[in-house]
Amino acid sequence: MTAAHGRRVLEGQVAVVTGAGQGVGAGIASALAAAGASVVIATRRAANGEPAAESIRAAGHEAVFVRCDVTQSEDVEATVAEAVDRFGGLDIMVHNAVAHAGRPGGVHLTGSGRIRPQIATATTASFLCARASLPHLRRRPGTLMLLTSPAGVEGSANLPVYAAVKAAQRGIVKSLAREWGPHGVRVNAIAPVARTPAMDAAVAANPDLEARLVARTPLGRLGDAAADIGPVAVFLASDGARYITGQTIVADGGGFLGL
Amino acid sequence: MSGDILVVGGSDPATALASEFSGNVLHVAPGAEEVDDGFVDGVRRADGTAVDGLDLVVHALYPQQSRTPARIDEMTESEWAAACDAPLEAGIRLARGAHRHLTDRRGTIVFCVPLVGAAGAASFVALSALAEGLRILARSLARSWGPEQIRAHAVTLHPSMFLAPEHAATAAAATALHDPALGRLPSAAEIAAVIETLADSRATAGLTGASLVMDGGTWMAG
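This write-up is about the structure you can find in this document.

Reading the values: the criteria
Residues numbered from 1 in each chain as written. Chains lettered and ligands numbered in written order. Predicted model: local features only at pLDDT ≥ 70, side-chain atom pairs only at ≥ 80, totals over all residues. Heavy atoms only, no water. Helix = DSSP H or I, 4+ residues; strand = E, 2+ residues; numbered from the N terminus. Contact = heavy atoms within 4.5 Å. Salt bridge = Lys/Arg side-chain N within 4 Å of Asp/Glu carboxyl O. Nonpolar A, V, L, I, M, F, W, Y, C, P; charged D, E, K, R; others polar. 1 Å grid on protein atoms, 1.4 Å probe; cavity = no way out; pocket = protein on both sides within 12 Å on 5 of 7 lines; lining within 4 Å. Points joined across faces, edges and corners; volume = space filled by probe spheres on them. Core = buried A, V, L, I, M, F, W, Y, C linked by side-chain atoms within 4.5 Å. Buried < 20%, exposed > 50% of the residue type's maximum accessible area, 1.4 Å probe, protein only. Pairing = 2+ DSSP bridges. Right-handed = clockwise from strand over helix to strand, strands pointing away. Disulfide = S-S within 2.5 Å. Axes fitted to C-alpha atoms, helices over the stretch in contact; angles between N-to-C directions.

## A look at unusual backbone geometry
Most peptide bonds take the trans form, and the phi angle of most residues other than glycine is negative. A cis amide bond, omega -10°, links Arg140(A) with the succeeding residue Pro141(A). The amide bond that connects Asp12(B) to the next residue, Pro13(B), takes the cis arrangement and shows omega of 10°. Relative to the assigned elements, Pro13(B) resides in the loop between strand 1 (4–8) and helix 1 (14–18). A positive phi angle, close to 60°, is found at Ser11(B), a residue other than glycine. Residue position: Ser11(B) is located in the loop between strand 1 and helix 1. A positive phi angle, near 75°, is found at Ser123(B), a position not held by glycine. For Ser123(B), the position within the fold is in the loop between helix 4 (116–119) and helix 5 (125–145).

## Some details on the interface of chain B and chain A
Opposite the 44 residues of chain B that make contact, chain A presents 41 residues. Put simply, chain B and chain A have four salt bridges between them. Between Glu132(B) and Lys174(A) there is a salt bridge; the shortest N-O distance is 3.1 Å. Every element with two or more residues in the side of chain B that touches chain A is listed here: helix 3 (77–103), helix 4 and helix 5 of chain B. It is helix 5 of chain B that provides the largest number of residues to the side of chain B that touches chain A, a total of 14 residues. Here the residues of the side of chain B that touches chain A are counted per class, giving 21 nonpolar, 10 polar and 13 charged.

## Some words on empty space enclosed by the protein
Residues and elements named next belong to chain A. Within the structure shown, the criterion is met by two cavities of 30 Å³ or more. Roughly 40 Å³ of internal volume is contained in the largest cavity. Lining the largest cavity are Ala101, Arg103, Gly105, Thr110, Gln118, Asn158, Leu159, Pro160, Val161 and Tyr162. Among the elements that line the lining of the largest cavity, the one with the most residues is helix 6 (residues 160–180), at three residues. Taken as a whole, the second largest cavity holds about 30 Å³ of empty space. What lines the second largest cavity is Val98, Ala99, Gln118, Thr121, Ala122, Tyr162, Val165 and Lys166. Those elements giving two or more residues to the lining of the second largest cavity turn out to be helix 4 (115–139) and helix 6. Here the residues of the lining of the second largest cavity are counted per class, giving five nonpolar, two polar and one charged.

## Quick word on the nonpolar core
Counting 112 residues, the largest nonpolar core has Trp180(A) and Ile195(B) as its most contacted members. In terms of residues, this core owes the most to one element, helix 5 of chain B, which gives 12 residues. Apart from the residues lying within four places of it in its own chain, the contact partners of Trp180(A) are Ala130(A), Leu134(A), Leu137(A), Leu144(A), Val185(A), Val187(A) and Ile72(B). The next biggest cluster of nonpolar side chains, apart from the first, holds 33 residues, and it includes Ala33(A), Ala35(A), Ala53(A) and Ile229(A).

## A closer look at the pattern of salt bridges
Close approach of charged atoms lets side chains of opposite charge pair. Scanning the model with the defined rule gives 24 salt bridges over all chains in all. Across the pair Arg67(A) and Asp75(A) runs a salt bridge, and its minimum N-O distance is 2.6 Å. Overall, Arg67(A) belongs to the partly exposed group, its relative accessible area being 46%. Judged by relative accessible area, which is 16%, Asp75(A) ranks as buried. Taken together, the shared-partner salt bridges connect Arg116(A), Asp37(B), Glu89(B), Arg93(B) and Arg96(B) into one network.

## Details of the pairing of strand 5 (residues 143–147) of chain A
All names here are of chain A. Burial within strand 5 is extensive, with five of its five residues counted as buried. Across the two faces of strand 5 the burial is the same, with Thr143, Met145 and Leu147 and Leu144 and Leu146 all buried. Sheet analysis places strand 4 (residues 92–95) next to strand 5, joined by four bridges and oriented parallel. Among the inter-strand pairings, histidine 95 is bridged to a residue of strand 5, identified as leucine 146. At this point the chain moves from strand 4, through helix 4, to the parallel strand 5, and the crossover so formed is right-handed. In terms of strand pairing, strand 5 meets strand 6 (residues 186–192) through five bridges, oriented parallel. In the strand pairing of strand 6, methionine 145 is matched with asparagine 188.

## Observations regarding the state of the cysteines
Residues and elements named next belong to chain A. Counted by the stated rule, this structure contains zero disulfides over all chains. Cysteine cysteine 68 is unpaired, with the sulfur of cysteine 129 as its nearest cysteine sulfur at 6.6 Å. The class for cysteine 68 is buried, based on a relative accessible area of 4%. Relative accessible area serves as the criterion here: at 0%, cysteine 129 is assigned to the buried category.

## Notes on the sheet that holds strand 6 (residues 211–214) of chain B
Residues and elements named next belong to chain B. The strand order across the open sheet formed by six strands is 2-1-3-4-5-6, and the pairing between neighbours is parallel. Every other strand in the sheet has two partners, leaving strand 2 (24–28) and strand 6 as the edge strands with one partner each. Strand-to-strand twist of the sheet, defined as the mean angle between neighbouring strand axes without regard to direction, takes the value 20°. Pairing geometry for strand 3 (residues 56–59) and strand 4 (residues 108–114), over four bridges, is parallel. For histidine 59, the partnering residue across the bridge sits in strand 4 and is phenylalanine 111. Sheet strands in contact with helix 3 are strand 1, strand 3 and strand 4, and its direction is about 175° off that of strand 3. Its contacts with the sheet place helix 7 (residues 188–199) against strand 1, strand 3, strand 4, strand 5 (151–157) and strand 6, and it is angled at close to 165° to strand 5.

Worth remembering: the numbers are spatial, not functional.
This is how it looks when you write it as structure tokens:
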């Protein structure tokens with residue numbers, strides 16, 4: 001998979017992807033790089049960020065790891081500055097990082113200490129990523145993408161805080177699309193369902209989960225982060241999506257059909 | 001309805017709605033940072049007695065920072081936290097604390113949210129995030145509390161119910177909201193009547209997780 005249409009449609013562009021050390025973020029980063037973008041892998045831990053960048057470089061593309069805690073303004077600003085300094089600008093900002101939701105259960109059963117980190121990693125970090133990237137995105141003009149979830153559309157019995165913060169990110173997308181539209185900067189969200197280390201852990205804890213997810217998915221399988229979700233990000237970043245803004249693209253094999 | 005109703009939030013729409021409900025209304029207007037997991041336990045009736053069971057909880061807690069227009073690139077971290085993060089956490093913690101009080105009554109929780117969440121509005125990114133977060137929180141509560149017969153809904157209202165007139169006009173223009181089909185926006189009394197109906201188990205026991213737009217037909221998406 002090299003790009004949405006098998007071409008390097010993002011040649012010469014520069015992307016930052018948060019939470020790109022594994023899972024959906026890594027899939028998006030590799031797809032953007034394969035489409036020609038120079039990619040900054042922004043993660044808290046070098047232990048997964050550096051290998052993710054090395055994997056992209058090993059495939060013949062351009063990537064660099066930058067340590068970044070997305071809840072810290074200085075880290076986000078420094079990450080964007082690194083992208084601009086190293087690659088000459090910023091075209092694509094993807095905020096994918098997510099906090100651990102904790103044990104599944106109703107909102108009254110959610111661990112009290114799990115609430116604020118989820119808000120910080122979703123809404124605070126979206127704000128920080130947007131604010132830091134805007135001056136550079138305006139110059140291109142570029143695009144901002146936030147990774148949300150089908151749970152952020154239809155709610156979740158077992159991950160209510162996660163669903164709330166993912167919905168909040170969709171609110172950010174809609175209003176930012178209106179706010180930044182006059183600058184030509186597009187803002188969209190992707191709501192994926194894909195095999196990730198987090199999904200694998202959830203399946204390990206609840207062996208029936210995968211079968212239930214697949215059963216509600218018309219395409220009959222869980223998505224692949226690089227092959228199924230990455231190309232969606234490539235498309236949204238590409239000129240082919242130049243008239244698309246303020247939208248949530250649900251990439252879940254058809255499991256959610258409510259929009 | 002003749003039940004115990006807790007209305008949470010200062011200013012409108014909370015104040016306007018609280019005056020229209022027909023039950024035993026407790027209206028509290030805490031700051032977002034004051035709402036913790038034990039907040040509902042600490043609410044007192046006029047006679048000083050503690051709340052012990054609620055039929056309806058109405059959330060409309062939107063700090064002034066949420067209601068004030070600001071472009072995102074001009075906001076500080078503390079302004080964002082006050083406008084979005086803190087009230088979102090307050091909504092979550094209010095729900096956590098209300099659960100016990102709603103259980104015995106098989107009660108209902110309703111989140112009143114501004115239309116800018118669903119429609120988007122320039123200069124109201126934080127309010128939009130807060131509104132969508134709370135709207136979908138209601139769906140999650142409906143899913144997880146349904147087996148206990150606790151119901152949860154979101155009622156979406158026109159921005160003018162939340163914002164100062166000059167700000168509401170800005171939001172309406174920026175959102176390309178058209179004139180309401182009914183030629184007017186609903187009154188607080190009409191909205192309160194609908195919310196009371198949502199809490200009436202005889203009329204709406206089979207209804208939960210609804211996102212009801214009550215704006216006179218301004219927004220007809222989906």
